[in-house]
Amino acid sequence: MFREAISHRQDGRISVHDSVQEMYERIHADGLSNVFDRYDPQAKIRCNFCVEGVSCQLCTGGPCRISDKVGATHGTCGIDRNAMAMRDMLLRNMMGTSTYTHHAYNAFRTLKSTAEGKTPFQITDVDKLYWMCDKLGIDKSGSKEQAAIRLADFLITQLSSGYDEPPKLVEVFAPEPRKKKWRELAIYPAGVMHEIKDSAASCLTNVDGDHVSMAKKALRLGIATIYGSQIPLEMVQDILFGTPTPHEVQVDLGIMDPDCVNIVFNGHEPWIGVASILAARDPKNQEKARQAGAKGIKITGSIECGQEVLQRFNMDGVFNGLTGNWLAIEPLLATGAVDVFAMDENCSPPYIAPYAKKYQITLVSVNDLVRIPGVEKNFDYKPPEAGNIAQQLIDMGIENFKKRKERKIEPKVPNKVQKAIAGFSTEAVLKALGGKLDPLLDVIKAGKIKGVAALVNCTTLATGPHDYMTVNVAKELIKRDILVISGGCGNHALEVAGLCNPDAVGLAGSGLQDVCRTLGMPPVLSFGTCTDTGRMSMLVTEIANALGVDTSDLPVAVTAPQYLEQKATIDALFALAFGMYTHLAPTPPVTGGPELVKLLTEDLEGLTGGKVALANNPEEAARGMEAHILKKRQALGI
């Protein structure tokens, strides 16, 4: 079972989005290295040992590779092909967990600093604050600020919750049947920091050489990630900036206005982006921009931190919307309309300094994790400094605007702007249904909606052109009357492609069309970022509880049809522990271990109820999910 070699160019196109295709032509003509052209030579030299997961470079006994042709059936240390592939998967997935946990820690310290009056933010959703306190048994007495400080301190402590006192968040938010199952399988987690530590220690040479043992640790790591990092960080962001509710937004590269000072924030954490919006609303800053010859200041989001803000903020003349996912970054910079590109956490490509030089852009890191060659200014994020950093970005943007005009940089902005409905959450769905899940359950029972597919995705060129699999898998699913809820870079793909717009209802099957028209919603619900996997699990838990069944019994599937890296795969590991049929494309690098493949694609279903499904073709992927959903419907008698 090898990863199928698929061209990332189709009929000369590198993207399903016209705006990205148009900007690629400019980048290519300008002679700039870009991700689309860099993919080609790498595809020619890829090694099947790495593709299959049977290579190891962890100690001086290697590098080792498994090859029956030369009798290399084990590594020098004695590890077999299954454990070698699983160890590599576990080791890589710690990066996903660590990144989510970094985000969570920053969320908790930002809440505390805000409650202490040290940031430009405020406690926006007081009801969510008190709801979290009630859920976790935290004292609500005194002011809302005092309650917020106690909550923040509690959540920081929970990151390192020990083995003798498991995390309170798992106890509170995980479904009862799942908790029982996880205890039986010995995959009930400790605090996320301990799970990272134990996973890393297990991957040391000559420590854990059992692929089943490491697979269980990976599942435990996935559970800890959702309940220790993702759910609490999103709840804290709701407290600070408001719980998402559906509203119309604008997306795609055409939202850029070259006659404005344009500050784009890129990454996964929303702190500096929100602070910049607040600073740009100051009339004094807008006047400074006008004195420099600009129409004003606009703050624009790119990828996940942009989506975090898109979920909660309306378009107001300052916040400008979202440009797209990470493969749209180079095309965005090539518009010649960006003045400051501010990067936090991950998904900031390391080769963008030439773009800054060519198109006159000021590159800034606003997070201690991000260090990119050629970046002019690096900040380490400290919550009390958020307002000051935002003001510096605005000042840099105004100065860059002057230089951009002096250099006569020719802007090229595609005439493509898409409307989308963003801001769905469990609370928003319940509100739309009148406070109860009954209307949703009724249409599922009636077969108008066969089931639900959660699309949690990155974007990659490994399964075809930019966003090809993502967009077409979603189209195939809604055509089959399967409601899609989406998060991550794949969500941006679906927003830009128009599938998160009520106008897309005509692409759905007749049953889903009726439901969408009745409720006035699109056939794809924008649930946010990859971090919102936790929020999606809360909705699935609500549905399972309402029906009185385990999550593995539901007509629900998960798909990551164009995943890139470890934040997506740790989400997939959680989905497997949660009992979900989980479609992945491209094929993960584990195929060199046949027993491991059997564990993930067959045996696991008898343990957690979850299983991995593989398909690099949109129709095949959708057919597999539909068949699974129909099987679950039949078992439930609906």
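What you see is a predicted model, and the numbers here were worked out from it, not measured in a lab. (Residues numbered from 1 in each chain as written. Predicted model: local features only at pLDDT ≥ 70, side-chain atom pairs only at ≥ 80, totals over all residues. Heavy atoms only, no water.)

Draft legend 1. The overall build of the protein chain, seen in detail. Per the secondary structure count, the protein chain includes 25 helices and 16 strands. Taken over the C-alpha trace, the protein chain has a radius of gyration of 24 Å; the compact-globule value for 638 residues is 26 Å, and the two agree within 12%. Out of the 638 residues in the protein chain, the part that is buried amounts to 63%. Sequence-distant contacts in the protein chain: of pairs separated by 6 or more residues, those separated by 24 or more amount to 77%. Surface exposure of the protein chain reaches about 22800 Å², of which carbon and sulfur atoms provide 51%. Across the protein chain, 68 positive and 74 negative side-chain charges occur, with their mean positions spaced 1 Å apart. (Helix = DSSP H or I, 4+ residues; strand = E, 2+ residues; numbered from the N terminus. Rg over C-alpha atoms; globule rule 2.2 N^0.38 Å. Buried < 20%, exposed > 50% of the residue type's maximum accessible area, 1.4 Å probe, protein only. Contact = heavy atoms within 4.5 Å. Areas by Shrake-Rupley, 256 points an atom, 1.4 Å probe, with all protein chains shown as cover. Lys, Arg positive; Asp, Glu negative; His and termini not counted. Charge placed at Lys NZ, Arg CZ, Asp CG, Glu CD.)

Draft legend 2. Geometry of the packing of helix α5 (residues 126–136) against helix α10 (residues 211–241). Contact pair α5 / α10: the axes reach a minimum separation of 7 Å and the direction vectors enclose 145°. Taken together, the residues of α10 that come into contact with α5 (itself represented by Lys128, Leu129, Trp131 and Met132) are Met235, Asp238 and Ile239. A breakdown of the residues in the contact of α5 with α10 according to their chemical character gives five nonpolar, no polar and two charged. (Axes fitted to C-alpha atoms, helices over the stretch in contact; angles between N-to-C directions. Nonpolar A, V, L, I, M, F, W, Y, C, P; charged D, E, K, R; others polar.)

Draft legend 3. Quick look at helix α2 (residues 35–44). Three or more residues of α2 are buried, namely Val35, Phe36 and Tyr39. An end-on view of α2 places all buried positions within 90° of arc, on one side of the element. One side-chain oxygen of the residue at the start of α2 lies 3.1 Å from the amide nitrogen of phenylalanine 36, identifying that residue as asparagine 34. (Arc of directions from axis to C-beta. Polar contact = N/O pair within 3.5 Å; in protein donor to acceptor, adjacent residues only side chain to side chain.)

Draft legend 4. How the structure looks around the state of the cysteines. Counted under the stated rule, the structure contains zero disulfides. There is no disulfide at cysteine 64, and the cysteine sulfur nearest it, in cysteine 59, is 6.3 Å away. Of the residues examined, cysteine 64 reaches a relative accessible area of 13% and is grouped as buried. Cysteine 347 supplies the cysteine sulfur nearest to cysteine 489, a cysteine that is in no disulfide, at a spacing of 5.3 Å. For cysteine 489, a relative accessible area of 6% puts it in the buried group. (Disulfide = S-S within 2.5 Å.)

Draft legend 5. Region of the structure containing the pattern of salt bridges. Here the structure, examined in full by the defined rule, presents 44 salt bridges. The closest approach of N and O atoms between lysine 412 and glutamate 22, which form a salt bridge, is 3.4 Å. Highlighted residues: lysine 412 in the loop between α16 (386–406) and β10 (418–422) and glutamate 22 in helix α1 (residues 18–29), separated in sequence by 390 residues. Judged by its relative accessible area of 29%, glutamate 22 is partly exposed. (Salt bridge = Lys/Arg side-chain N within 4 Å of Asp/Glu carboxyl O.)

Draft legend 6. Expanded view of helix α6 (residues 144–158). End to end, α6 covers 21 Å across 15 residues, agreeing with the expected 21 Å (1.5 Å per residue, within 8%). If you check which residues of α6 are buried, you get Ala147, Ala148, Leu151, Ala152, Leu155 and Gln158. Within α6, the buried residues cover an arc of 135° as seen down the axis, which keeps them to one side. On its buried face, α6 is in contact with α4 (81–115), α5, α7 (168–173) and α10. (Expected span 1.5 Å × (residues − 1).)

Draft legend 7. Local environment of empty space enclosed by the protein. Going through the model one piece at a time under the given rule, you end up with 11 cavities of 30 Å³ or more. Each pocket or cavity is described by its volume, and for the largest cavity that value is around 180 Å³. Surrounding the largest cavity, 17 residues form its lining, Ala454, Val456, Thr533, Val558 and Ala575 being those nearest its centre. Elements supplying a minimum of two residues to the lining of the largest cavity: β11 (451–457), α22 (533–547), β14 (556–560) and α23 (566–577). (1 Å grid on protein atoms, 1.4 Å probe; cavity = no way out; pocket = protein on both sides within 12 Å on 5 of 7 lines; lining within 4 Å. Points joined across faces, edges and corners; volume = space filled by probe spheres on them.)

Draft legend 8. Just the sheet that holds strand β15 (residues 581–584), in detail. With parallel pairing, the six strands of this open sheet are ordered in space as β13-β12-β11-β14-β15-β16. The open sheet has two edge strands with one neighbour each: β13 (524–528) and β16 (611–614). In this sheet, neighbouring strand axes are inclined to one another by 25° on average, regardless of whether the strands run parallel or antiparallel. Here four bridges tie β15 to β16, and the two strands are oriented parallel to one another. (Pairing = 2+ DSSP bridges.)

Draft legend 9. Looking closely at the layout of surface pockets. As a volume, the second largest pocket reaches approximately 370 Å³. Around the second largest pocket sit 24 residues that line it, and Ala432, Leu433, Val515, Leu519 and Met521 are the ones nearest its centre. Every element with two or more residues in the lining of the second largest pocket is listed here: α17 (426–432), α18 (438–445), α21 (510–519) and α22. Sorting elements by how many residues they give to the lining of the second largest pocket places α21 first, with four residues.

Draft legend 10. Molecular detail of the nonpolar core. Core analysis: the biggest nonpolar cluster contains 180 residues, and Leu151, Trp182, Tyr227 and Leu393 have the highest contact counts within it. Here the element with the most residues in this core is α10; it accounts for 16 residues. In this view, tryptophan 182 contacts Val170, Ala174, Ile187, Tyr188, Ile223, Tyr227, Ala577 and Phe578; residues no more than four positions away in its chain are not counted. Core analysis: the second largest hydrophobic core is formed by 38 residues, Ile303, Ala337, Tyr359 and Val370 among them. (Core = buried A, V, L, I, M, F, W, Y, C linked by side-chain atoms within 4.5 Å.)

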